[in-house]
Amino acid sequence: LKDGTSGEIAPLRTAGATVYACPNAKFTWLMDENDKAQARAVSADALEKALAQPFDLLVLDEACAALKSNILDEALLRKAAAFAKGGREVVTGRDPAPWLQDAADYSTEMQMHKHPYTQGIAAREGVEY
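In this report, the structure presented in the accompanying data block is examined.

### Notes on the pattern of salt bridges
Stage number 1. For the structure shown, the criterion picks out 5 salt bridges.
Stage number 2. Residue Lys49 is joined to Asp45 by a salt bridge in which the shortest nitrogen-to-oxygen separation is 3.2 Å. Of this pair, Lys49 and Asp45 both sit in helix α2 (residues 33–52), separated by 4 residues, roughly a single helical turn.
Stage number 3. Owing to a relative accessible area of 44%, Lys49 belongs among the partly exposed residues under this scheme.
Stage number 4. Classification of Asp45 as partly exposed rests on a relative accessible area of 40%.
Stage number 5. The partner of Asp95 in a salt bridge is Lys68, and the shortest N-O contact between them spans 2.2 Å. With Asp95 in the loop between β2 (89–92) and α5 (98–103) and Lys68 in helix α3 (residues 63–68), this residue pair connects regions lying 27 residues apart in the sequence.
Stage number 6. Taking relative accessible area as the criterion, Asp95 reaches 44% and is therefore assigned partly exposed.

Dropping the structure here:
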């Protein structure tokens, strides 16, 4: 559900991670049925490609929202979650289905309580990537 330009993408790629993005990404509530169908196809293809590669860590950052929005097939996501039992680590995104939270190795939801950005303070030079 992200187009590949969000803040965490560049550091992940710099660290050697393969990141699969959705080229027509937009907020799910702004998607029409055509957008959802396209995102569904891209998501399925990306997850199948990820599962076909050797990996130690699978981060399903947007998978929970995609599942709730009917943009990701539950059977395919269950297949991905099963990798947590095979010696590889699986991380869920925010608000996972109970079965996904149980299957995953990591399920964390970070919540901002205070941040300089909410006070109008921009990122400091040298801190951004």
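### Considerations on the packing of α2 against helix α4 (residues 74–81)
Stage number 1. Interaxial distance between α2 and α4 falls to 11 Å at its minimum, and their mutual angle equals 20 degrees. Between α2 and α4, the angle falls in the class roughly parallel. Crossing of α2 against α4: the hand is left-handed. Seen from α2, the contacting residues are Ala44, Leu47, Glu48 and Leu51; seen from α4, they are Leu76, Leu77, Lys79 and Ala80.
Stage number 2. A per-class count over the contact of α2 with α4 returns 6 nonpolar, no polar and 2 charged.

Conventions used here
- Residues numbered from 1 in each chain as written.
- Predicted model: local features only at pLDDT ≥ 70, side-chain atom pairs only at ≥ 80, totals over all residues.
- Heavy atoms only, no water.
- Salt bridge = Lys/Arg side-chain N within 4 Å of Asp/Glu carboxyl O.
- Helix = DSSP H or I, 4+ residues; strand = E, 2+ residues; numbered from the N terminus.
- Buried < 20%, exposed > 50% of the residue type's maximum accessible area, 1.4 Å probe, protein only.
- Axes fitted to C-alpha atoms, helices over the stretch in contact; angles between N-to-C directions.
- Parallel < 35°, antiparallel > 145°, perpendicular 65-115°, else oblique.
- Left-handed = near helix turned anticlockwise from the far one by under 90°.
- Contact = heavy atoms within 4.5 Å.
- Nonpolar A, V, L, I, M, F, W, Y, C, P; charged D, E, K, R; others polar.

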